[in-house]
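Coordinate inspection notes
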Amino acid sequence: MAAMELETGKVDEALYSRQLYVLGREGQSKMASSTVLVCGLTGTGAELAKNVILAGVKAVTLYDPTAVTHRDLGGNPYARIADVGKPRADCCAPRLAELNPYVTVSVMKNGSSGEAMGSLHSCDVDEWSARVRGYRCVAICDAVSEAELKAIDDACRRENVCLVACESRGGCTSLFC
């Protein structure tokens, strides 16, 4: 539906009325053509994914092969007790997709050439370049080391992709744009 909206220039005014006042039709149309990769579905990542989906981007891809733990159940509203032991992204994707029918929500499994995507905590710039290629924005929402963040930043700069890195630990948060 998002593609049809974009092609015809129509925006669902009932759904996006508040954003239209702030962004205008042109801004909302630009947002509706954007693709976002969300890496890390901790509580912070799940909340960010929810907000991006509700904002009306074209597509959101989720990447987090980490298994859901009992600890995740306290911070990620899209994880259920039956999900413990299963990959976070696989469990959260169907529930997040229900939030906005105009947004395509998918799970990243493999790279464009079919290679395994590796670790969420990789320091390999080439691996991250393959992962972020083709997206407008990448959001890293899991605690990463300085070396990991540098590799991700280098890959995003190489691929001309915007980067947002955020995490939350109790009452403390950090944000890097």
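Residues numbered from 1 in each chain as written. Predicted model: local features only at pLDDT ≥ 70, side-chain atom pairs only at ≥ 80, totals over all residues. Heavy atoms only, no water.

What about the sheet that holds strand β4 (residues 137-140)?
Strands sit in the order β3-β2-β1-β4-β5-β6 across an open sheet of 6 strands; the sheet is mixed. Looking at the sheet topology across the chains shown, the edges are occupied by β3 (104-107) and β6 (172-176). Neighbour-to-neighbour, the strand axes of this sheet turn through a mean angle of 15°, independent of strand direction. Bridge analysis of strand β5 (residues 162-169) against β6 gives 5 bridges, and the strand direction is antiparallel. Directly across from serine 168, in β6, lies its bridge partner threonine 173. (Pairing = 2+ DSSP bridges. Helix = DSSP H or I, 4+ residues; strand = E, 2+ residues; numbered from the N terminus. Axes fitted to C-alpha atoms, helices over the stretch in contact; angles between N-to-C directions.)

Some details on the side chain of threonine 42
In this fold, threonine 42 is placed in the loop between β1 (35-39) and α3 (43-55). Beyond its immediate stretch of four places on either side in the chain, threonine 42 contacts Asp64, Asn76, Arg88, Cys141 and Asp142. (Contact = heavy atoms within 4.5 Å.)

Some points on the confidence of the model for the chain
Fine structural detail should not be taken from predicted coordinates in areas where pLDDT scores are low. Per-residue confidence for the chain averages 84 on the pLDDT scale, and 83% of its residues sit at or above 70. Between residues 1-8, whose pLDDT stays under 50, and residues either more than four places distant or in other chains, the model counts 12 contacts. Within the model, pLDDT remains below 50 along residues 112-116, and this stretch shows 3 contacts once partners closer than five positions in the same chain are excluded. (pLDDT = per-residue confidence, 0-100.)

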